[in-house]
Amino acid sequence: MLFSSIDFLYYFLPCVIILYFIVPNKFKNFILLLTSLFFYFVGEPIYVLLMLGTIFSAYVHGILIDKYRGTKLSKIFLISSIVITVSLLGFFKYTDFFITNINEIFNSSIALLKIALPIGISFYSFQVISYTIDVYRGNAKVQKNFLNLATYVALFPQLIAGPIVRYTSVEEDLESRKHTFEGFAQGATRFVIGLAKKILIANVLGEMCQDFRLCDDKTVLFYWLYGIAFCLHIYFDFSAYSDMAIGLGRMFGFKFPENFNYPYISKSITEFWRRWHISLSTWFRDYVYIPLGGNRVGKWKLYRNILIVWLLTGFWHGADWTFIVWGLFFAILLMIEKAFLGKFLEKLPSIISRFYLLFLVMISFIIFNADGMGQAIQDIKGLFGANGVPLINDITLYYLQSYLVVIIIAIIGATPFIKNAVLKLKENEKMRKVINVLEPIVIVLIIVATTAYLVDGSFNPFLYFRF
Amino acid sequence: MSDKIKNIVVSVVFIFIITFFFILSIITDDVELSYSERRNLAQLPQVSWDTVLDGTFAKKFNQYVVDQFPFREEFRNVKANIHFNLFRQKDNNDVYVVGDNILKIEYPFNENSIIRAAKKFNDLQDKYLKDANVYYSIVPDKNYFVAKQYGYPSIDYEKVVSIMNDNITDMEYIDIFDCLELEDYYKTDTHWSQDKIQDVVNKIATQMNFSDRLQNVVYEEKQIPNFYGVYYGQLALKGKPDTLKYLTNTTIQNASVLNYEDNTTTKVYNMDKLEAIDKYDVFLSGAVSLLKISNPNATTDKELIIFRDSFGSSIAPLFIDAYSTITLVDIRYINSNLLDQYIDFKDQDVLFLYSTLVLNNSVMLK
């Protein structure tokens, strides 16, 4: 079930909200767990058992790690917990990738397993790992109530596409949380903003990217249009999901961490990754990069650490060489920035460093979205006319005219301009009151507009569901 | 408004909207048909363990709630308005407007599909039409007249014709492109208007050598108001309907149409279809795989077979005066290998009449 769907918005959500707020506090986690399992069951009827098994494994391992704290057994149980979770993730996500590559290298013909990827497994597996590691490190108290741990992992707002909420972020909220109109209104507003970003911007740009792929009359300009549109599409698609997840969490009293912070205004790749998919990059930083020694090692070990983390980051996104190359691309750029470019970029006028960032990120996402490296190379060559396409034609002009307004809105929306303008206006007490009147009106208008798009049955897939 | 009141208003408004539509969705009766979209709407799917476990129930349920959502038409209208007027997009679900004409983008150009259609026609000729006089003609879709001029993507019409001419053997091509202009088509629909295609009829009749049998034929024009064509519903904007006009005379009125699918006999213009989703089905009862028009007033024993798509439904009545029988074959709905079970192929005149829309999507030809 997608957040941006009629069945979620007008069937599932009202039922959950009504049930949640009419039961006494002590049953609220139970209701959230029950509805979250239903939410997952609708999309993955069989794999709900896999998720429950993963949670149960984490629950038992957490208790054992805590029980044998200070002994070797504690570490063994931690390793066992990680091995089980990573093995399940590896089996369901990567088996066919390895078989395909073994077949190609050794000319063998091992049959593919063709296992469907359980939705959200990459996200909830990382949450479970973060829980057991945090318990082992003493950063989190062991959760002895299975219901609370299951609620944390299965919580439907963040279950299938993040943000990767660390156990420590919601540890207190799971035990007790406040429900206020302020929290609910903030959550609803954030959810509706996410809905608009997804349906009115990301989906529309996604359609253009799909049209580009089907078009036989590409031009240099169309390749650039595609590159820009896909960068905006993936940002609005994924950050919209995070907005909706954070908003839904807030409605139910949880404070999930932010996952995006206007990444396209960055001036370097290093800064970009502090602003893009923050929950994933901090996860890798805390559970891989720092344990490997982080920055506090020699130059070559630092490069090795960067390489490992970005290989894993790429591979986490999908079982395909394009994702591995995508990860390596960032690893190389980050190494270059660490070696010398970072300091040089700081001295450059910000317009140049921003163009540097945007161009390289666009190249990275062209690789990311390609169906194989052959297509990625074709798409990159197309940007420079190296595959013999003309500079411009009528078809490109059509798409440019048809999507120009949405692209301009998306570019403005990808910067903090609107947010800062609203905050600035709110400093004036009169304007604050006016904005307070306008806010509910805008929310109603957005709900009507997004519902209209959903009812018309428009293009609506979520990119990050495949990870 | 204070922050505190705003938070209460936002919370209440949000919960009210989603709950209101939830309740409304449940209490309102389900609708079977969408007249504007020309399709059956999804109904509440049956629940079973199998459909729940394999995920089909969830998919069908999602389609059901979308199709049955309250104020569906109004919401579709809102979407179209945002698309065109706010985002300034040039089409909505590939449907666009030029003046008061509604059109649908036909793109990309599928060269292989055209070749496939040509081969299909050749195969049919080899199999059934060795002794017949075989002609073929191509009906340009509406995009031909405006797409390029207004910057919309379209197929390469010259290439369609040249591919067909290069690949079709032993058939004579009848070029009707010059006999048509945008005004000859309905504003809200795909099809041509029967009252505007006399030039096409003349061209075909001349080239197929039956124009002498149509020389003194006169028609009376009848009108059916409020014809909302297929593109009208897809566009989802408010606009003016077309008037559906049809031409009739004594021969047409006396002719009978045998439907091989259900073995029923009807008139050429089936007025029962005025109540159907698509009023264009008045012409020969709409999409039927195999029909035979018999002309009891015929002064000739010549017979005609038309391999056709829906454009054929409205032009075929204008050939009735020239033939004793006209058989209409729509190989989108019948496997062409079975045709000799129903048709006695001999030395009939044969016309393949297909629109560029079908040729560019010829996978539907069986």
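Residues numbered from 1 in each chain as written. Chains lettered and ligands numbered in written order. Predicted model: local features only at pLDDT ≥ 70, side-chain atom pairs only at ≥ 80, totals over all residues. Heavy atoms only, no water.

Q: Could you clarify how one ought to interpret the overall build of chain B in this entry?
A: A count of helices and strands for chain B gives 12 helices and 14 strands. Dimensions of chain B along its principal axes, counting C-alpha atoms only, are 85 × 50 × 40 Å. Taking all 366 residues of chain B together, 56% fall into the buried category. (Helix = DSSP H or I, 4+ residues; strand = E, 2+ residues; numbered from the N terminus. Buried < 20%, exposed > 50% of the residue type's maximum accessible area, 1.4 Å probe, protein only.)

Q: Would you explain the pattern of salt bridges in this entry?
A: A side chain of one charge can pair with a side chain of the opposite charge if their charged atoms are brought near each other. For the coordinates displayed, the defined rule picks out 26 salt bridges over all chains. Here Arg39 of chain B makes a salt bridge to Asp67 of chain B, at a shortest N to O gap of 2.9 Å. Of this pair, Arg39 of chain B sits in strand S2 (residues 39-40) while Asp67 of chain B is found in helix H3 (residues 56-67), placing the two residues 28 residues apart along the sequence. Accessibility expressed as a relative area gives 27% for Arg39 of chain B, which makes it partly exposed. Asp67 of chain B sits in the buried class, given a relative accessible area of 3%. The salt bridge partner of Asp195 of chain B is Lys245 of chain B, with a shortest N-O separation of 3.9 Å. Placement of Asp195 of chain B in the loop between strand S6 (172-174) and helix H8 (198-207) and of Lys245 of chain B in strand S8 (residues 242-248) is noted, with a sequence separation of 50 residues between them. Salt bridges sharing partners connect three or more residues here, namely Asp456 of chain A together with Glu37, Arg39, Asp67, Arg72, Glu73, Arg76 and Lys79 of chain B. (Salt bridge = Lys/Arg side-chain N within 4 Å of Asp/Glu carboxyl O.)

Q: It is not clear to me how the packing of aromatic side chains should be interpreted in this structure. Could you clarify?
A: How two aromatic rings sit relative to each other is set out by the distance from centre to centre and by the angle between their planes. All names here are of chain A. According to the stated counting rule, one finds 104 aromatic pairs over all chains in the structure shown. A ring pair is formed by Tyr264 and Phe272, whose centres lie 6.3 Å apart and whose planes are at 20°; its orientation type is stacked. On the basis of relative accessible area, Tyr264 is assigned to the buried category, the value being 10%. By relative accessible area, Phe272 is classed as buried at 0%. Over the face of the ring belonging to Tyr20 we find Lys28, whose NZ or CZ atom lies 4.8 Å from the ring centre. (Phe/Tyr/Trp six-rings, centres within 6.5 Å; stacked < 30°, edge-to-face > 60°. Lys NZ or Arg CZ within 6 Å of the ring centre and 35° of its normal.)

Q: Explanation requested: the domain arrangement of chain A in the structure shown.
A: Note: interface size is frequently given as the accessible area lost on complex formation between the parts. All names here are of chain A. Taken domain by domain, chain A consists of domain 1 (6-177) and domain 2 (183-455). Each of domain 1 and domain 2 has a C-alpha centre, and the two are 26 Å apart. Listed as interface residues are 39 residues of domain 1 and, on the opposing side, 39 residues of domain 2. A combined buried area of about 3300 Å² lies between domain 1 and domain 2, and 73% of that area is made up of carbon and sulfur atoms. (Domains from an automatic or database assignment. Contact = heavy atoms within 4.5 Å. Buried area = accessible area lost by both parts, 1.4 Å probe.)

Q: Explain the sheet that holds strand S9 (residues 256-259) of chain B here, please?
A: Residues and elements named next belong to chain B. An order of S6-S5-S14-S12-S13-S11-S9-S10 is seen for the 8 strands of this open sheet, with the pairing classed as mixed. One side of each edge strand has no neighbouring strand; the edge strands of this open sheet are S6 and strand S10 (264-266). Averaged over neighbouring strand pairs, the angle between their axes works out to 20° when direction is ignored. Both strand S5 (residues 133-139) and S6 contribute to a ladder of 3 bridges, which runs parallel. Bridge pairing in S6 places Tyr136 opposite Tyr173. Against the sheet, helix H7 (residues 157-167) touches S5 and S6, its axis set at about 165° to S5. (Pairing = 2+ DSSP bridges. Axes fitted to C-alpha atoms, helices over the stretch in contact; angles between N-to-C directions.)

Q: How should I be thinking about the confidence of the model for chain B in this particular structure?
A: Close reading of the predicted structure is inappropriate where its pLDDT is low. Mean pLDDT over chain B stands at 93; residues scoring 70 or higher make up 100%. Per-element mean pLDDT across chain B ranges from 82 in S2 of chain B up to 96 in helix H6 (residues 143-146) of chain B. (pLDDT = per-residue confidence, 0-100.)

Q: Just to check I follow, could you spell out the domain arrangement of chain B for this structure?
A: Residues and elements named next belong to chain B. Segmentation of chain B into domains returns domain 1 (3-101) and domain 2 (108-364). In this structure, domain 1 and domain 2 have C-alpha centres spaced 36 Å apart. Taken together, the contact pairs 19 residues of domain 1 with 26 residues of domain 2. The junction of domain 1 with domain 2 conceals about 2000 Å² of combined surface from both sides, 58% of it contributed by carbon and sulfur atoms. The largest contributions to the domain 1 side of the interface with domain 2 come from Arg38, Tyr96 and Asn101, which together make up 36% of the buried area.

Q: Sorry if this is basic, but what is going on with helix H6 (residues 146-154) of chain A here?
A: Because an α-helix completes one turn every 3.6 residues, residues spaced three or four positions apart along the sequence face the same direction. Residue and element names in this part refer to chain A. The element H6 is largely enclosed, with a buried count of 7 among its 9 residues. Residues Asn148, Leu149, Ala150, Thr151, Tyr152, Val153 and Ala154 constitute the buried set of H6. Those residues of H6 that are buried lie in contact with helix H2 (28-43), helix H3 (48-67), helix H5 (121-137), helix H7 (156-159) and helix H8 (167-175). Measuring from the side-chain oxygen of the N-cap residue of H6 to the backbone nitrogen of Leu147 gives 2.9 Å; that N-cap residue is Asn145. (Polar contact = N/O pair within 3.5 Å; in protein donor to acceptor, adjacent residues only side chain to side chain.)

Q: In this structure, what is going on with the interface of chain A and chain B? I would like to understand it.
A: Of the residues lining the interface, 57 residues belong to chain A; the matching set on chain B comes to 49 residues. Of the roughly 4800 Å² buried where chain A meets chain B, counting both sides, 71% is carbon and sulfur surface. Per-residue buried area on chain A facing chain B is highest for Tyr11, Tyr398 and Val455 of chain A; these three make up 15% of the total on that side. Counting across the interface, chain A meets chain B through 4 salt bridges. Ionic pairing is found between Glu439 of chain A and Lys6 of chain B, a salt bridge with its closest N-O pair at 3.4 Å. The tally of links from chain A across to chain B stands at 15 residue pairs in polar contact (both at pLDDT 80 or more). Broken down by secondary-structure element, the contributors of at least two residues to the side of chain A that touches chain B are helix H1 (6-22), H2, helix H9 (181-214), helix H17 (394-413) and helix H19 (429-455) of chain A.

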